[in-house]
Amino acid sequence: MANRLRAVIGSVVSDSQSAFVKGKQILDGILFANEVVDEARRLNKEILLFKIDFKKGYDSMDLDYLDAVMVKMNFPTLWRKWIYECVVSAMASMLVNRCSTEEFPMERGLRHGDPLSPFLFLLAVEGFHILMKSVVEKGLYQGYQVGHIEVVRLSHFQFADDTLIFGEKSWANVRSMREVLFFFLKNYLA
């Protein structure tokens, strides 16, 4: 299943994501961010830069949210059932004083080390991309302008469990970003 998802992940997640996508490198995001910050310094422009680390994102993802994202992306019902079974059927135990406890079911989150988990995580954080894209299109968030000849407005860039948010320095942007984060986390962690 992970190999099948790996083959199509680039066509279902946005260009803002650079991790686990064929033809992209995770370091692309870091180099890209460095270039943006260097340009801002060189031109003495103010920039709003905010980094989100979804470090515990694997552990706390609501599986109903993941399923809802896959529905929106038009994943077939059978495929979604297979994914759900892979994730929900996981059992875990803990070591207490070097003795293993009884196994218990995993009720939320993804398993670290599972080859399917990085791709499912990318699907889940695609919801954040859609939210950011929406507030930018509605004029509620102003991205950071890069370039002289070909001007591009950047709002965010994602790589693995990290997201960088770029924007013009303003309180309106801070408030919009706060609302997007609260809304996303409310649904992601539901």
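Residues numbered from 1 in each chain as written. Predicted model: local features only at pLDDT ≥ 70, side-chain atom pairs only at ≥ 80, totals over all residues. Heavy atoms only, no water.

K.L.:
Is there a simple way to think about the pattern of salt bridges in this case?
P.N.:
Where charged atoms from two side chains of opposite charge approach closely, those side chains can pair. Per the counting criterion, the structure on display carries five salt bridges. A salt bridge links Arg153 to Glu168; its shortest N-O distance comes to 2.9 Å. Taken together, the residues span a long stretch of sequence, with Arg153 in strand β7 (residues 152–154) and Glu168 in the loop between β9 (162–167) and α7 (171–188) at a distance of 15 residues. By relative accessible area, which is 31% here, Glu168 ends up partly exposed. (Salt bridge = Lys/Arg side-chain N within 4 Å of Asp/Glu carboxyl O. Helix = DSSP H or I, 4+ residues; strand = E, 2+ residues; numbered from the N terminus. Buried < 20%, exposed > 50% of the residue type's maximum accessible area, 1.4 Å probe, protein only.)

K.L.:
Before we go on, may I ask you to explain the nonpolar core in this structure?
P.N.:
Formed by 33 residues in total, the largest nonpolar core has its most connected members in Leu5, Leu120, Leu123 and Phe128. Counting residues per element, the ones that place at least two in this core are α1 (2–12), β1 (48–53), α4 (63–72), α5 (77–88), α6 (117–137) and α7. Per-element accounting of this core gives the leading share, nine residues, to α6. Residues contacting Phe128, with those up to four places away along its chain left out, are Ile52, Tyr65, Gln158, Thr163, Ile165, Val180, Leu181 and Phe184. Grouped together as the second largest cluster of nonpolar side chains are 10 residues, Ala33, Val36, Phe157 and Phe166 included. (Core = buried A, V, L, I, M, F, W, Y, C linked by side-chain atoms within 4.5 Å. Contact = heavy atoms within 4.5 Å.)

K.L.:
Just to check I follow, could you spell out the pairing of strand β8 (residues 156–159) for this structure?
P.N.:
Within a regular beta strand, the side chains point alternately toward one face of the sheet and then the other, so they alternate between its two faces. Of the two faces of β8, the one carrying His156 and Gln158 and the one carrying Phe157 and Phe159 are both buried. Note that β8 and β9 share four bridges and pair antiparallel. Counterpart to Phe159 in the pairing with β9 is Asp162. Taking the residues that link successive antiparallel strands as the turn, the β8-β9 hairpin has two residues, and the phi of Ala160 there is positive, at about 55°. (Pairing = 2+ DSSP bridges.)

K.L.:
Sorry if this is basic, but what is going on with the pairing of β9 here?
P.N.:
Among the six residues of β9, six are classified as buried, and the element is accordingly described as predominantly covered. What you see with β9 is no split at all: Asp162, Leu164 and Phe166 on one side and Thr163, Ile165 and Gly167 on the other are buried throughout. Taken together, the six bridges between β1 and β9 define a ladder with antiparallel strand orientation. When the bridges of β9 are listed, Lys51 appears paired with Leu164.

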